[in-house]
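Chain by chain, the residues:
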Amino acid sequence: MDPTSGTVIPENFVLNTFIHFTADNIDILDESLDRKYTFHATQMTAYQRSDNRNQDPLIAVEISAAETLKVPDILQDVAPVGIIEGKTKPVFQKPVTNDLFESDNNELEVQQKAEATHQAFFVHRQECAQNPGWTSFNQNYSTTNPPQTSIGHMPIILAPAHKFDTLSIVIRRCMFVTEHFGQAYTVITIDQALYCKLMELKWKIPEFNKNLIVPLGGLQISMNFLKVIGKHMSGSGSWIESGLLGKGAAELVFSGKAYSKAMPIR
């Protein structure tokens, strides 16, 4: 552990291999009426795919008989960053032009290949019900054998993730890990609730703006697309009248929240 930042370096990671991170809230008994016995913290996890991975250090950990665990104070040291939510203006490293928002009529080869793969999956799924999703389809028909993913276990922070102060510590610790392994950029996949806050930190702090990449998770991107489709089709009543969905389920699908219900009928 780094004594100045409280960063724990995953011992099972190797040099010169891409690392990416995820972070999210841990909420236990969040809906309690009296707010007693609730637990709010922030979890960070690092991932790396490599054939030359080291042994997971948790395998050799011996369970202690002690009833209490002494946690170094630096692990829970959250320094204020002084940012007011919604007051930070976007900062871009390059000028943004209208060309970025215009579609190209000539599809790239990779787009055509992706569409063909999607159509093949869709047709095959109609004939073979044993493949309910992309995971099963890829397991049965993919010709690639990717390396096993190593998981870097990073200590939780006893503070809610939606606070700017907490997210700043998350970013700095993730950056420390990437710098340790010689990676120039830090990639943190996040959900929609934390995305806006992380982007405000990126715009406000020059160090973050230069080296931090914040993509939405794949599930969150899909849910946003479903919400757009739902807004376009709201009021049509076609899904309810056809018997595909009930009224309550249709409202959830239109709002982009019922992902599992929306995907089979998209």
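Computed from a predicted model, the values in this text were never measured in an experiment.

This part takes up the nonpolar core. If you look at the biggest cluster of nonpolar residues, it comprises 30 residues, and the most contacted ones within it are F21, I171, I188, L198 and L201. For F21, the residues in contact, after removing those within four places along its chain, are T45, A46, M154, C174, V177, T178, T186, V187, I188 and T189.

Structurally, the position occupied by P90 is in the loop between β2 (39-49) and α1 (109-127). A C-alpha to C-alpha distance of 8.4 Å links P90 and K204, two positions 114 residues apart in sequence.

Right, let's get into unusual backbone geometry. Phi is positive for N16, which is not a glycine, with a value near 60°. Considering the arrangement of structural elements, one finds N16 in the segment before β1 (19-28).

Further remarks concern the pattern of salt bridges. Inspection of every chain in the model, using the stated rule, returns 1 salt bridge. The salt bridge involving E207 is made with R172; its shortest N-O contact spans 3.1 Å. One end of the pair, E207, is in helix α5 (residues 206-211); the other, R172, is in helix α3 (residues 164-180), and 35 residues separate them in sequence. The class for E207 is partly exposed, based on a relative accessible area of 35%. Accessibility expressed as a relative area gives 37% for R172, which makes it partly exposed.

Relative to each other, α3 and helix α4 (residues 192-204) sit at 70°, their axes nearing to 10 Å. When the axes of α3 and α4 are compared, the pair comes out roughly perpendicular. Each of F164, L167, S168 and I171 in α3 lies in contact with α4, whose residues at this interface are L194, K197, L198, E200 and L201. Of the residues contributing to the contact of α3 with α4, the split by class is 6 nonpolar, 1 polar and 2 charged.

It is worth spelling out the side chain of K202 at this point. Within the secondary structure, K202 is located in helix α4. The side chain of K202 sits in the buried core without any salt bridge; E207 is the nearest counter-charge, 12 Å away. Only 3.3 Å separates the side chain of K202 from the backbone oxygen of N209, close enough to count as a polar contact. Setting aside residues no more than four positions away along its own chain, K202 makes contact with F208, N209 and L212.

Another aspect to go through is the environment of G217. Structurally, the position occupied by G217 is in the loop between β5 (212-213) and α6 (218-233). Taking the C-alpha atoms as reference, G217 lies 9.7 Å from Y195; in sequence the two are 22 residues apart. Those residues in contact with G217 that sit more than four places away from it in its chain are T189 and I190.

Quick look at the environment of I221 now. Inspection of the secondary structure assignment puts I221 in helix α6. Given a relative accessible area of 37%, I221 falls into the partly exposed group. C-alpha of I221 to C-alpha of Q192: the two residues are 29 residues apart in sequence and 8.7 Å apart in space.

With that settled, consider α4. Helix length check: α4, at 13 residues, gives a terminal C-alpha distance of 19 Å against a target of 18 Å (1.5 Å per residue), a fit within 8%. For α4, the full list of buried residues reads L194, K197, L198, M199, E200, L201 and K202. The inward-facing, buried residues of α4 contact β1, α3, β4 (186-189), α5 and β5.

Okay, the packing of aromatic side chains next. A full pass over the atoms with the stated rule returns 1 aromatic pair. Taking 6.0 Å as the distance between ring centres and 55° as the angle between the ring planes, the aromatic pair formed by F13 and F181 counts as tilted. Note that F13 is positioned in the segment before β1 and F181 in the loop between α3 and β4, a separation of 168 residues in sequence. Residue class for F13 comes out buried when judged on its relative accessible area of 3%. Classification of F181 by relative accessible area gives buried; the value is 7%. Across the ring face of F164, the terminal group of K197 is positioned such that the distance to the ring centre comes to 5.4 Å.

Rules used in this analysis
Residues numbered from 1 in each chain as written. Predicted model: local features only at pLDDT ≥ 70, side-chain atom pairs only at ≥ 80, totals over all residues. Heavy atoms only, no water. Core = buried A, V, L, I, M, F, W, Y, C linked by side-chain atoms within 4.5 Å. Buried < 20%, exposed > 50% of the residue type's maximum accessible area, 1.4 Å probe, protein only. Contact = heavy atoms within 4.5 Å. Helix = DSSP H or I, 4+ residues; strand = E, 2+ residues; numbered from the N terminus. Salt bridge = Lys/Arg side-chain N within 4 Å of Asp/Glu carboxyl O. Axes fitted to C-alpha atoms, helices over the stretch in contact; angles between N-to-C directions. Parallel < 35°, antiparallel > 145°, perpendicular 65-115°, else oblique. Nonpolar A, V, L, I, M, F, W, Y, C, P; charged D, E, K, R; others polar. Lys, Arg positive; Asp, Glu negative; His and termini not counted. Polar contact = N/O pair within 3.5 Å; in protein donor to acceptor, adjacent residues only side chain to side chain. Expected span 1.5 Å × (residues − 1). Phe/Tyr/Trp six-rings, centres within 6.5 Å; stacked < 30°, edge-to-face > 60°. Lys NZ or Arg CZ within 6 Å of the ring centre and 35° of its normal.

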